[in-house]
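# Inside the fold
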Amino acid sequence: MAEPYDKDVRTVNEHLINIYNQGEFVQKATIRKFWMVRLKGTREVSRRIDHYNLDAILCVGYRVRSQRGTQFRQRATQVLKEYLIKGFAMDEERLKNPVVGHSVVPDYFDEMLERIRDIRASNVEFIFE
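What counts as what
- Residues numbered from 1 in each chain as written.
- Predicted model: local features only at pLDDT ≥ 70, side-chain atom pairs only at ≥ 80, totals over all residues.
- Heavy atoms only, no water.
- Buried < 20%, exposed > 50% of the residue type's maximum accessible area, 1.4 Å probe, protein only.
- Helix = DSSP H or I, 4+ residues; strand = E, 2+ residues; numbered from the N terminus.
- Pairing = 2+ DSSP bridges.
- 1 Å grid on protein atoms, 1.4 Å probe; cavity = no way out; pocket = protein on both sides within 12 Å on 5 of 7 lines; lining within 4 Å.
- Points joined across faces, edges and corners; volume = space filled by probe spheres on them.
- Nonpolar A, V, L, I, M, F, W, Y, C, P; charged D, E, K, R; others polar.

## Things to note about the pairing of strand 1 (residues 31–40)
Burial within strand 1 is sparse, with just one of its 10 residues counted as buried. In this structure, strand 1 lies alongside strand 2 (residues 43–52), joined through 10 bridges in antiparallel fashion. Bridging across to strand 2, Ile31 finds its partner in Tyr52. Linking two consecutive strands that pair antiparallel, namely strand 1 and strand 2, is a turn of two residues; a positive phi of about 70° is found at Gly41 within it.

## Notes on the layout of surface pockets
If you add up the space inside the largest pocket, you get close to 940 Å³. Within the residue set of the lining of the largest pocket, elements represented by two or more residues are helix 4 (54–63), helix 5 (67–86), helix 6 (92–96) and helix 7 (109–127). Residue contributions to the lining of the largest pocket peak at six residues, all from helix 7. Classifying every residue of the lining of the largest pocket gives 19 nonpolar, one polar and seven charged. As a volume, the second largest pocket reaches approximately 300 Å³. Along its surface, the second largest pocket is lined by Met1, Ala2, Val9, Val12, Asn13, Leu16, Met36, Arg38, Ile49, Asp50, His51 and Tyr52. For the lining of the second largest pocket, the secondary structure elements donating two or more residues are helix 2 (9–21), strand 1 and strand 2.

Structure (structure tokens):
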């Protein structure tokens, strides 16, 4: 998590400790431990590494002071503002260029179309009542 925000790991850990101490999130709910195997010289070393969920990652983004942290907050504010004003926010680039192949990022375009159809159908019923 330190790399995308361009901060030292110790700084991110300090923010996470504060987040948990202040009760913003529960540690057990935002951390999952995974076994990772790394090479140390010629031998393989395995250890459990903490992986944080999106809630923790976003929360750190609102606290960290760096150019990347500022970029994150600007983008997050832009999306939130659009959602509050319009009632929706859209990642047009992702919808125009869906990921193909075996990506972990699903293509939500069909889900979005289905939701729009449901909304339009409910509007038609309202108009003719």
